[in-house]
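Remarks on the overall topology
Letter by letter, the chains look like this.
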Amino acid sequence: MNEKIVTKEDVAQLLNTDEKKLNYILFSLKLREKYSFFEVEKKSGGHRTISAPPKKLLWFQRKLYKKLSEYYVRKKCVHGFVKEFNIVSNAKSHVGQRYVVNIDIKDYFDSIHYGRIHGALKQHPFLFGDKAAEIIAQICTLNNGVLPQGGATSPVISNIILRRFDNSMIQLAHKMKFRYTRYADDITLSCNNENVLFKIIKSDSNSQSLTPEVKRIFDDNNFKINQRKLRVQESSGRQEVTGLIVNKFPNVRRKYISSIEGALHAWEKYGYESAQKKYEDKYYRNGISGENLNLVLNGKIAYLKMVRGEDNYIYRRLARKFNRLSEFKIKLKELSELQSSKLHSSRPSDGWETWIEKYNSQVKLLSVEDNDGNIFSGSAFHIGKGIFVTAGHNLIDEDGNQRSNIRIYDDGNEIVPKVLGAGFGSEMDVGALYLEDYQSKERIPTQLRLPTCGEEVAAIGFPSIPLRIPTLVSHIGTIEALPLYYVNNKRFIQVSFQSGGGLSGGCLIDKAGFIIGIMVENVYMKAGDDALGKPYGQAVPIEYFDEEFQTKYKNQI
């Protein structure tokens, strides 16, 4: 912006209004008419006062916010109140650091008053005239002259006022070799060297405080430190930045996910009204929130998406369950569009032997008779509540006809399962069986995750071996590719070992012991016009089975 803003008339033109309307906003509204005040609870305890401007003043503030934002140039350290930056980008700056220091500015908005705003607007890059700066500062502040928490201009004004503070912290961070970011009043410093930490923090037996060189920057900018919120977090414990865990990657707390899971479970099992009542009883003292659980869950899942990404398997699992229960639908990517998700798990394991031994009793031999009366074998595995997963072609032929004499062998006993459904041909090659007596028995946990190429995996099942009684076998290999099937644009998981014969229907597990796929067939690289090259095993991602089960098979139980 090149126009000179000096007079009241200039301000009116800047806001696309006239002086009469501007005078009304500046002088005709009393304090009680200007703002409404209400309190919200802080996560850390206590209350925060929100000052909400009336519609007419809000209109001016929104106009002014856009204009001031054109002048403001973001510093690299600033992540609050700027487009495309948020608590996640702020947290990422400190991932994997040995020491993380959290600092909070005390009474942040109250510390930014009329005089500071007026002075800042007369300086570079604004260079507003004295009268123009006076008017703009008046529009942005309460009658007591402080910045309102809830005003439309407050975010950009606060960032403008802290430019000098940010510059000083950037210079000190460069000098001392630590990382610095700011999200509004939340300041984070991090480093890997203990000597650097001692240049930031001084400690005695009872307390911690900032070193004089760091504290001087706060004092020079007339900001006070909230001593109660000053903390040092080491990598040996949980490290948090703006509410996110940053030890390995930006993440929410486990209890955040558990709260969503618990609410969705209560909704599914007891109905919406009961789940709403349970939510209010748990989180509100008087048992009344005025909040719609449907909207609360939608918002919490959206927050999880922002933190973990839309390809994340935990987000997708919760969003899919929400979509089955709610009239509001969360739009999800098709599996064919997904990016791979890295394995993140704290489940203990001593290697593949741990899971292969543990799951021996949950993977079963399947016996089936085809249309010509030939007996062939396959595999099936238990995922809980008596539900067994297998390959669809083990249960139906290419014409969709159910095969005969389907049996599951359990400790030498031949059991006839109930066929819940199956797909084959143009549909995904998945099928479901049900054994009522297995409802309370152990299961193999599933994870709706698309693995990464090169990731180590194992398959467990009963491959056919000539002149041998079918025996449980494990194959260990790697993910070679994640190809798309041209017939239906569905995703497959291609592994480095073969998946022939009775291994069809076996489970593909990752190193954390989660099922990520169902073994279905062998494929071959083409070596020539009539020659077959290297064989690969192919699996169907378990998410496809989950889709089929929830929409088609579940109601057959």
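Residues numbered from 1 in each chain as written. Predicted model: local features only at pLDDT ≥ 70, side-chain atom pairs only at ≥ 80, totals over all residues. Heavy atoms only, no water.

The next thing to look at is the packing of aromatic side chains. Throughout the structure, instances matching the rule amount to 17 aromatic pairs. Ring centres of F81 and Y183 lie 6.4 Å apart, and the angle between their planes is 40°; this geometry places the pair in the tilted category. Taken together, the residues F81 in the loop between α4 (55–71) and α5 (87–92) and Y183 in strand β4 (residues 179–183) connect sequence positions 102 residues apart. A centroid spacing of 6.2 Å and a plane angle of 80° characterise the contact between W267 and F322, whose relative ring orientation is edge-to-face. A residue pair is termed long-range when its members are at least 10 positions apart, and W267 in helix α12 (residues 254–270) and F322 in helix α15 (residues 313–325) qualify at 55 residues. Pairwise contacts between aromatic rings join Y71, F126 and F128 into one cluster. Seen from the ring of F85, R74 lies directly overhead, with NZ or CZ sitting 3.5 Å from the centre. For the cation-ring pair, K441 lies above Y438, with the distance from its terminal atom to the ring centre recorded as 4.4 Å. (Phe/Tyr/Trp six-rings, centres within 6.5 Å; stacked < 30°, edge-to-face > 60°. Helix = DSSP H or I, 4+ residues; strand = E, 2+ residues; numbered from the N terminus. Lys NZ or Arg CZ within 6 Å of the ring centre and 35° of its normal.)

With that settled, the discussion passes to the pairing of β4. With five bridges connecting them, β4 and strand β5 (residues 186–191) associate as antiparallel partners. The partner of Y180 across the bridge, within β5, is L189. Between β4 and the antiparallel strand that follows it, β5, lie two residues; A184 among them carries a positive phi value of about 60°. (Pairing = 2+ DSSP bridges.)

In this section: empty space enclosed by the protein. Here the structure, examined in full by the defined rule, presents one cavity of 30 Å³ or more. For the largest cavity, the calculated volume is near 30 Å³. Residue lining of the largest cavity: I25, L26, K34, L57, Q138 and I139, and that is the complete set. Of all elements in the fold, only α2 (19–28) and α7 (130–140) reach the threshold of two or more residues within the lining of the largest cavity. (1 Å grid on protein atoms, 1.4 Å probe; cavity = no way out; pocket = protein on both sides within 12 Å on 5 of 7 lines; lining within 4 Å. Points joined across faces, edges and corners; volume = space filled by probe spheres on them.)

Turning our attention to α4. End to end, α4 covers 25 Å across 17 residues, agreeing with the expected 24 Å (1.5 Å per residue, within 8%). By the burial criterion, the buried members of α4 are L57, L58, F60, Q61, L64, L68 and Y71. All buried residues of α4 fall inside an arc of 155° around its axis, so they share one side. In α4, the exposed positions angled more than 90 degrees off the buried face are occupied by K55, R62, K66 and E70. Contact partners of the buried residues in α4: α1 (8–14), α2, α6 (114–121), α7 and α8 (154–161). (Expected span 1.5 Å × (residues − 1). Buried < 20%, exposed > 50% of the residue type's maximum accessible area, 1.4 Å probe, protein only. Arc of directions from axis to C-beta. Contact = heavy atoms within 4.5 Å.)

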